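Chain by chain, the residues run as shown.
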Amino acid sequence: MSEPTSPPPSLDDLSASLQRLSEKISLVQDAVRNLTQSRAQLEGKIEDAQKRVQRILSRLPEQNDGRQLNLLGETIPTTNPEDDSEPTTH
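Just so we're clear, the structure is a prediction, and the values are computed from it rather than from any experiment. (Residues numbered from 1 in each chain as written. Predicted model: local features only at pLDDT ≥ 70, side-chain atom pairs only at ≥ 80, totals over all residues. Heavy atoms only, no water.)

**Observations regarding the overall build of the protein chain**
Of regular secondary structure, the protein chain possesses one helix and zero strands. The 90 residues of the protein chain split such that 0% are buried. (Helix = DSSP H or I, 4+ residues; strand = E, 2+ residues; numbered from the N terminus. Buried < 20%, exposed > 50% of the residue type's maximum accessible area, 1.4 Å probe, protein only.)

The following block contains the structure:
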């Protein structure tokens with residue numbers, strides 16, 4: 001028994017298939033373009049965050065420095081331990 005063979009595709013069928021493929025390729029190209037733009041934006045945000053972290057790290061005092069950390073860059077008046085009026089219990 002021989003199986004029935006399908007007729008060869010017509011030019012109209014091939015043209016319609018090519019049109020569908022063309023549309024799908026266009027959609028994929030748009031998606032790739034959008035992903036590329038998103039990636040570039042995220043890379044920029046990452047670089048900005050790394051710069052902020054580096055700026056914060058550069059403000060950290062040395063380990064042997066007993067001063068309070070001021071990571072936000074606000075001015076904090078220094079307190080002199082001799083000026084404290086509360087007694088200490090040692």
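**Considerations on a nonpolar patch on the surface**
Side chains of Leu18, Leu21 and Ile25 sit close together on the surface and give an oily, nonpolar patch of about 310 Å² of accessible area. With respect to the helices, strands and loops of the structure, Ile25 is situated in helix 1 (residues 11-59). (Patch = residues over 30% accessible without salt bridge, like charges linked within 9 Å, V, L, I, M, F, W, Y side chains within 5 Å. Areas by Shrake-Rupley, 256 points an atom, 1.4 Å probe, with all protein chains shown as cover. Salt bridge = Lys/Arg side-chain N within 4 Å of Asp/Glu carboxyl O.)

**Some thoughts on the environment of Arg20**
With respect to the element layout, Arg20 can be found in helix 1. At 3.1 Å, the side chain of Arg20 and the side chain of Ser17 are in polar contact. (Polar contact = N/O pair within 3.5 Å; in protein donor to acceptor, adjacent residues only side chain to side chain.)

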